[in-house]
Amino acid sequence: MDNQESAIADESTIPEGGKVAKSSNKAVFITFVVVLFLVFAGILYMLLGKSSKNSNNEVSTNQQIVTPSVSDSLSTTDSQLDKDTQSIDNNIKKLDSDVTSVDQGLSDTPADLSQ
């Protein structure tokens, strides 16, 4: 009887007609399709996300745009030329100050944080 019981136990562990193998193949296929979809969606999201970020990143500056009017461009009096020269000098001084600040920032040495 021991041989018959072991034969019955062996038969119960063997899948009937390979049904387990077929459902296993379906599960693997479904998992593959889901993973493939997620990878595709991730790549698409990254590509679309980068393009929208680039369009939103606008550089803001504090520059003043001066558009000369017709009367300003025709005015060549000494006082107007002096005003224009003074304005240019002030802008150059501001630029020089900004360049000096940048140079100081680049030559700044880090503090010793090991203590």
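Just above sits the structure.
Quick summary incoming for the structure in this document. (Residues numbered from 1 in each chain as written. Predicted model: local features only at pLDDT ≥ 70, side-chain atom pairs only at ≥ 80, totals over all residues. Heavy atoms only, no water.)

**As for the overall build of the protein**
So, step 1. For the protein, the helix and strand inventory stands at four helices and zero strands.
So, step 2. Starting at the N terminus and ending at the C terminus, the protein contains elements arranged as α-α-α-α.
So, step 3. Put simply, the protein shows about 11300 Å² of open surface, and 60% of that area lies on carbon and sulfur atoms. (Helix = DSSP H or I, 4+ residues; strand = E, 2+ residues; numbered from the N terminus. Areas by Shrake-Rupley, 256 points an atom, 1.4 Å probe, with all protein chains shown as cover.)

**Details of a nonpolar patch on the surface**
So, step 1. Judged by side-chain polarity, Phe29, Ile30, Phe32, Val33, Val34, Leu36, Phe37 and Leu38 come together as a nonpolar surface patch covering roughly 850 Å² of accessible area.
So, step 2. Along the chain, Phe37 turns up in helix H2 (residues 19-56).
So, step 3. A relative accessible area of 55% means that Phe37 is categorised as exposed. (Patch = residues over 30% accessible without salt bridge, like charges linked within 9 Å, V, L, I, M, F, W, Y side chains within 5 Å. Salt bridge = Lys/Arg side-chain N within 4 Å of Asp/Glu carboxyl O. Buried < 20%, exposed > 50% of the residue type's maximum accessible area, 1.4 Å probe, protein only.)

**Details of the environment of Ser114**
So, step 1. Assignment of secondary structure puts Ser114 in the segment after helix H4 (78-106).
So, step 2. Residue classification places Ser114 among the exposed positions, given a relative accessible area of 64%.
So, step 3. Among the polar contacts listed, one links the side chain of Ser114 to the side chain of Asp112, at a separation of 2.9 Å. (Polar contact = N/O pair within 3.5 Å; in protein donor to acceptor, adjacent residues only side chain to side chain.)

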